[in-house]
Amino acid sequence: MRKNRSAAVTAASFLLITGAAIATAPASVAGTPGGTHASDRNRDFNGDGYEDVLTGAPGATVGGRSGAGAVTVQYGGPKGVTTSARVFSQNTSGVPGAAETGDAFGQAVASGDLDGDGYDDAVVGIPGEDLDGVGADAGGIVVLWGSAKGLSGAASDWLQSVSPMKGDRFGSALAAGHFTTYVPGDLLAVIDKVGLSIFQYESVPQAAARKGGEAGTFTPFKDRRRTPLARQAEGPGIAPTSLTTGDYDDNGLADLVVSGLSLGDEPGYGWSYVLLSDDIDPLPVTALRGGPVVASGDVNGDGFDDLVTGEPHSPDDGGESMTGGMVGVYYGSPDGPVGQEGPGSPPVWWTQDNAGVPGVSERGDGFGSDLSVGDVNRDGYADVAIGASGEDIGSVADAGAVWVLRGSARGLTTAGVLDVNQNTAGVPGAAEKSDKFGAQVSFTDPNRDGYSGLLVAAPGENTNDGVVWVFSAGAGGLKLPGSWTYGGGSIGAPSQNARFGAAIDD
């Protein structure tokens, strides 16, 4: 349990978001997590030009405390992802707090250059953190600062809501980007049970820091646009659960998407709110059908990022069963993400029942459990990885599977589609009940060769120990022979019931 300290944004109801439509800076394009153009991600913690891998193991036992959680970082290099890793927890020297049962350190992870020093920083959500005087699961966040030597627990920072409440689970979802010209570093967007918060890091003069004061502090981001979101966008209230960023209108500025499930009379449907950025004029918030899983990248190579949504457990809609899950694609335009018939229209929907998509949509498949967007074969079109963690493989329930649909000038296509599970030839392992292969997918290019390989996590593998698969890529796409696996134990992290891979920074 932690003492309340430090400054962070007060969580507000999603329907009463303030400071949400953010002005952003052109410099943010190459540093937007999981968004902007597919090759541009900010996951370089040591500034060597190679993309690093940040993985959460929220179930890890640390210091005898089950479910305390841990994260690992694997630094990229000419050889790509290796089993050399650093492990961080709240028992790491310099990291605020202490490992406690059920903290779930690493349930959510993100990265961004929050202090503007040129090194990306790791942001770790701890939604199960208990706070003194508040109660259980108020939640918190730890920031591990990047440097020429990589991440370190030393001088890491603690964040919490300035008005924390029991059960808020602050830090459940995270995204960062250089969202404003008013501060030098990236801003941090945070989701908790109640809503969205946005805050900034402000450095203090070095002279003051040398005298023993704090090097900086996190404060609420003050945006000039204060109109409540519900009055800007026509859409239902949602319980927000995820975030992504991308430059959907190609104006050089990063945009923010908040996604979740609808509340009210028609609950359980995925909806996403797009907060376009503009340095001069306030822009309306747009509500789009689809979510609560979201990812971004330029699928059709036209310079506009596209928004991909996943709805793994959609309710029956008008008598037409979609319970196997569905994925929607909104293509970027000068007006931001638009549907197949222009602004305000539905997305291009994809399910396992689409012609050319292997498999059949079945109840509980979870098609769209996770998404990632990246250019597998370096053809200039971003491809989409779709996880279906509830997919049955033969008679094996919830073993999980992954599909990769190719991007093209016409948009997402089934040409060259790939479907992968643990029973696929060339893939290590075997499909087992409740492995949940595909619960997390993440394109990554850690050896900087221009081909985005794919990481696939099965956090249920080995009775919830969790394992990650590494698929390299080339001109022909993903390479199944030669793929390999690692778990927490392979890289010096706690392994038993760790749910390793339950979160991978994308």
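This one's a predicted model, so the numbers in the text were calculated from it and none came from an experiment. (Residues numbered from 1 in each chain as written. Predicted model: local features only at pLDDT ≥ 70, side-chain atom pairs only at ≥ 80, totals over all residues. Heavy atoms only, no water.)

K.L.:
Give me the lowdown on the packing of aromatic side chains, citing residues and values where you can.
P.N.:
A complete count under the given rule lists 8 aromatic pairs for this structure. Taking 5.6 Å as the distance between ring centres and 40° as the angle between the ring planes, the aromatic pair formed by Trp484 and Tyr486 counts as tilted. With a relative accessible area of 28%, Trp484 lands in the partly exposed category. Tyr486 gets classed as buried once you look at its relative accessible area, which sits at 1%. Through a chain of ring-to-ring contacts, the aromatic side chains of Trp145, Phe199, Tyr201 and Phe218 assemble into a single cluster. Here the basic side chain of Arg448 rests over the ring of Tyr50, its NZ or CZ set 4.3 Å away from the ring centre. (Phe/Tyr/Trp six-rings, centres within 6.5 Å; stacked < 30°, edge-to-face > 60°. Buried < 20%, exposed > 50% of the residue type's maximum accessible area, 1.4 Å probe, protein only. Lys NZ or Arg CZ within 6 Å of the ring centre and 35° of its normal.)

K.L.:
With reference to specific residues and values, describe the sheet that holds strand S9 (residues 187-191).
P.N.:
Pairing is antiparallel across the open sheet formed by 4 strands, whose spatial order is S8-S9-S10-S11. With one partner strand each, in any of the chains shown, strand S8 (173-177) and strand S11 (216-220) form the two edges of the open sheet. Ignoring strand direction, the axes of neighbouring strands in this sheet form an average angle of 25°. Looking at chain direction, S8 and S9 are connected through 5 bridges and run antiparallel. (Pairing = 2+ DSSP bridges. Helix = DSSP H or I, 4+ residues; strand = E, 2+ residues; numbered from the N terminus. Axes fitted to C-alpha atoms, helices over the stretch in contact; angles between N-to-C directions.)

K.L.:
Describe the nonpolar core, naming the residues involved and giving the relevant values.
P.N.:
If you look at the biggest cluster of nonpolar residues, it comprises 23 residues, and the most contacted ones within it are Leu371, Val384, Ile386 and Leu412. For this core, the secondary-structure elements that each account for two or more residues are strand S16 (293-297), strand S18 (326-330), strand S20 (367-374), strand S21 (383-388) and strand S22 (401-406). In contact with Leu371, other than residues within four places in its own chain, are Val293, Ala295, Val308, Thr309, Gly310, Val327, Val384, Ala385, Ile386, Val441 and Asp506. One finds Leu187, Ile191, Ala254 and Leu256 within the second-largest nonpolar core, a separate group that totals 20 residues. (Core = buried A, V, L, I, M, F, W, Y, C linked by side-chain atoms within 4.5 Å. Contact = heavy atoms within 4.5 Å.)

K.L.:
Can you lay out the sheet that holds S18 for me, pointing to particular residues and giving the numbers?
P.N.:
With antiparallel pairing, the 4 strands of this open sheet are ordered in space as S16-S17-S18-S19. Every interior strand has two partners, whereas the edge strands, S16 and strand S19 (348-350), have only one. Taking the axes of each pair of neighbouring strands and ignoring which way they run, one obtains an average angle of 20° across the sheet.

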